[in-house]
Amino acid sequence: MKLTITDDALTHLMSVFPATSKFLLSFDDGVGPFSKVGICSLDVSFDVIAVYRDANVPDYQAKLTTNVGDWYYKGYSKRYLDDNMKLDYVNNRFKLSGDSGILDGNVDLKNLTTQKAS
């Protein structure tokens, strides 16, 4: 799987997150330390999470190739992703799209670079 991060999205990400971050594309399903717990929704929701480079993130064992290096995701969430995806920044929102269309039109950002994952 491949994720292309547009120049606009990358510029905004780098203004929010430290350049030394490890990046996670997180399917927000209530599993793991970074997910909202107890939220029931019919929508598919993703977050871009920045953690410190050496963070232990066992829920994020799968690797995603991007044009700026590897990102990580929950392996079982692959069914909600496409082989070719794009993260763009449009109208002050991050949009994740793929071969099948828009996967999430409002991707949230979480800066957890000062916290250790457990």
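Along every chain, residues carry numbers that run from 1 in the direction the sequence is written. At least 70 in pLDDT is required for a residue's local features to be given in this predicted model, at least 80 for side-chain atom pairs to be given and counted, and no such filter applies to totals for whole chains, interfaces and linings, which use all residues. Note that water and hydrogens are dropped before the side-chain values are worked out from all heavy atoms of the structure.

1. Examining the side chain of Lys 74
Next up, step 1: Only DSSP runs of H or I covering at least 4 residues are called helices, and only runs of E covering at least 2 are called strands; the numbering of each starts at the N terminus. As for its position among the elements, Lys 74 is in the loop between strand E5 (69-73) and strand E6 (84-90).
Next up, step 2: Exposure categories follow from relative accessible area, calculated using a 1.4 Å probe and restricted to protein chains: below 20% of the type maximum is buried, above 50% is exposed, and the middle band is partly exposed. Its relative accessible area of 0% is what places Lys 74 among the buried residues.
Next up, step 3: Counted as a polar contact is a pair of N or O atoms within 3.5 Å, where, for protein atoms, one must be capable of donating a hydrogen and the other of accepting one, and residues adjacent in sequence contribute only when both atoms are in side chains. One polar contact links the side chain of Lys 74 to the main-chain carbonyl oxygen of Phe 27, over a distance of 2.9 Å.

2. Some points on the layout of surface pockets
Next up, step 1: Cavities and pockets were defined on a 1 Å grid built from protein atoms only: a cavity is a group of points that admits a 1.4 Å probe but offers it no way out, a pocket is an open group of points flanked by protein on both sides within 12 Å along at least five of seven lines, and a lining residue is one with an atom within 4 Å of any such point. Grid points are joined across faces, edges and corners, and a volume is the space filled by probe spheres set on the points. Estimated volume of the second largest pocket: approximately 190 Å³.
Next up, step 2: Ser 21, Phe 23, Arg 53, Val 68 and Trp 71 are, among the 14 residues lining the second largest pocket, the residues nearest its centre.
Next up, step 3: Looking at the lining of the second largest pocket, the elements that each hand over two or more residues are helix H1 (7-16), strand E2 (22-27) and E5.
Next up, step 4: Examining the composition of the lining of the second largest pocket, we find that four residues originate from one element, E5, more than from any other.
Next up, step 5: Ten residue types, Ala, Val, Leu, Ile, Met, Phe, Trp, Tyr, Cys and Pro, are classed as nonpolar, four, Asp, Glu, Lys and Arg, as charged, and the remainder, Gly among them, as polar. Here the residues of the lining of the second largest pocket are counted per class, giving nine nonpolar, two polar and three charged.

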